[in-house]
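Structural features, examined
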Amino acid sequence: MNEPATDDGEYPTSTIAKAIMDAALDGIIVADEQGIIRSFNLAAQRLFGYSEAEALGQPNGLLMPEPHRSQHPRYIGRYLETGDKHIIGVGREVEALRGDGELVPIYLVVNEFDSPVGRCFAAVLHDVSAEVEARVLRDRLERAERLGAMAEMTAAVAHEMNQPLSALAVYAQVARELADSGSAEPKLVSALENIIEQTRRAGLAVERVRRLFQGGELSFEIADVNTLVAETVELARTDASPQGVMIEFSPGADLPTLRCDPVQIQQVLRNLFSNAIEAMAEIECGNGRTIRVATWPDGDTVHVAVRDSGKGIDAQAVDEIFEPFRSSKKDSLGIGLAISRTIVLNHGGRLHGENVVDGDGATIGASFGFTLPV
């Protein structure tokens, strides 16, 4: 309710307080000792979907999911009786209940104060939906990275093991033939036959593991490349900022949508960002500490490029950077780019990397990118 100005032209404190509360970006709710809502600002109305008239006079348990809604009067009674603070003055992340029944994650801070009508509680509620979604996305990508690393490593190990297993089978076969041609002891023949059988079984087991990881179906869906890149850029900035590295994104205009596995494509992007951040953190970058990301269409494909200003790709490693277990980084398995290449190839695209040079031919960074078919 608007109140008239006083004789000296000053607005009453209640009017000023309401104006400040309604200007706040976060929800602010005031309740009395009985837990009845006495103030409900505009941000709270937007957050919960209740008008001020609908909320005032209602118990603030209205905004809580069960079992807290039913238990809230007991919570208040316990605090008034014991003074034992559980949430007063302590910020925490909780779930609130909107008017449409949807749960929304919020960061809640509650404080108490004395008013002309008695003790009251003021709650500030910050909607953290975007932060929670980012955490969920990060968790999904990290799980995908771990599974991808396991898949690529298993495939590489399987490839390495198949060769000696095959050689062992050949040698055992030759030994058996030699034994058959003479008067070798039957036990020798039997042992050689067991070598052949067990080698064959080992080879089949390795092949099954390899197919298990490489033969899985992708979860294709229609996705916007600029959206995928923008989401991953925001995640990468949390790793880049502590290193003093900036990330600039130049989204291409009028890009067609793609049919892809979004999680795996973002996994590729995270690997490229991680490599770029590490490359620039290791040295003093004379050309700045900025990663430049760009997307653009080209006929039936869409290009995505990640460029850094680090030391570039070692000339002796250019031909090996996409091979598993080949890395110039300390304590690295060297499978990140190998995994990324496999993902891009499974999408019908191509992953490539090259040094960036200036007009004098000096290396001023590296650029890694990939193409995806429309």
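Above this text sits the structure in question.
Let me begin by describing the structure that accompanies this report.

About the thresholds
- Residues numbered from 1 in each chain as written.
- Predicted model: local features only at pLDDT ≥ 70, side-chain atom pairs only at ≥ 80, totals over all residues.
- Heavy atoms only, no water.
- Salt bridge = Lys/Arg side-chain N within 4 Å of Asp/Glu carboxyl O.
- Helix = DSSP H or I, 4+ residues; strand = E, 2+ residues; numbered from the N terminus.
- Buried < 20%, exposed > 50% of the residue type's maximum accessible area, 1.4 Å probe, protein only.
- Pairing = 2+ DSSP bridges.
- Axes fitted to C-alpha atoms, helices over the stretch in contact; angles between N-to-C directions.
- Patch = residues over 30% accessible without salt bridge, like charges linked within 9 Å, V, L, I, M, F, W, Y side chains within 5 Å.
- Areas by Shrake-Rupley, 256 points an atom, 1.4 Å probe, with all protein chains shown as cover.
- Expected span 1.5 Å × (residues − 1).
- Phe/Tyr/Trp six-rings, centres within 6.5 Å; stacked < 30°, edge-to-face > 60°.

**Quick word on the pattern of salt bridges**
Under the criterion given, the structure shown has 10 salt bridges. Taking the shortest distance from any N to any O, the salt bridge between D22 and K18 comes out at 3.3 Å. Note that D22 and K18 are positioned in helix α1 (residues 13–23) at a spacing of four residues, about one turn of the helix. According to the relative accessible area criterion, D22 is partly exposed, its value standing at 21%. Salt-bridge contacts for E248 lead to R292; the nearest nitrogen and oxygen are separated by 3.8 Å. Note that E248 is positioned in strand β7 (residues 246–250) and R292 in strand β9 (residues 290–298), a separation of 44 residues in sequence. Taking relative accessible area as the criterion, E248 reaches 41% and is therefore assigned partly exposed. Because the salt bridges share partners, they merge into one network encompassing K18, D22 and E52.

**Section: the sheet that holds strand β10 (residues 301–307)**
What the five strands build is an open sheet, ordered β7-β9-β10-β12-β11; its pairing is mixed. The open sheet has two edge strands, β7 and β11 (350–357), and neither has a second partner. Strand after strand, the sheet turns through a mean of 20° between neighbouring axes, direction not considered. As defined by bridge partners, β10 adjoins strand β12 (residues 363–373) across seven bridges and the pair is classed as antiparallel. When the bridges of β12 are listed, A305 appears paired with G369.

**Looking at a nonpolar patch on the surface**
Nonpolar side chains collect at one region of the surface, where V170, Y171, V174 and L178 lie side by side and expose about 430 Å² of accessible area between them. Its location among the elements puts Y171 in helix α5 (residues 129–181). Here Y171 falls in the exposed class, since its relative accessible area comes to 61%.

**Remarks on the pairing of β11**
The side chains of a regular strand alternate, residue by residue, between the two faces of the sheet. Looking at chain direction, β11 and β12 are connected through eight bridges and run antiparallel. Each bridged residue has a counterpart across the sheet, and for N355 the counterpart in β12 is A366.

**Some thoughts on helix α8 (residues 262–281)**
Relative to the 28 Å expected for 20 residues at 1.5 Å per residue, α8 spans 28 Å between its end C-alpha atoms, a close match to the ideal helical length. Counted residue by residue, α8 has 16 buried out of 20 residues, so it is predominantly covered.

**Regarding the packing of aromatic side chains**
The geometry of an aromatic ring pair is captured by the separation of the ring centres together with the interplanar angle, meaning the angle of the planes. Summed over the entire model, instances satisfying the criterion amount to one aromatic pair. With a centroid separation of 6.3 Å and 40° between ring planes, the pair formed by F40 and F48 is classed as tilted. Neither F40 nor F48 differs from the other in exposure class; each is buried.

**So, unusual backbone geometry**
Residue P67 is bonded to the preceding E66 through a cis peptide linkage, with omega at 10°. Its place among the elements puts P67 in the loop between α3 (52–55) and α4 (68–82). Even without glycine at this site, D254 takes up a positive phi of about 55°. Along the chain, D254 turns up in the loop between β7 and β8 (258–260).

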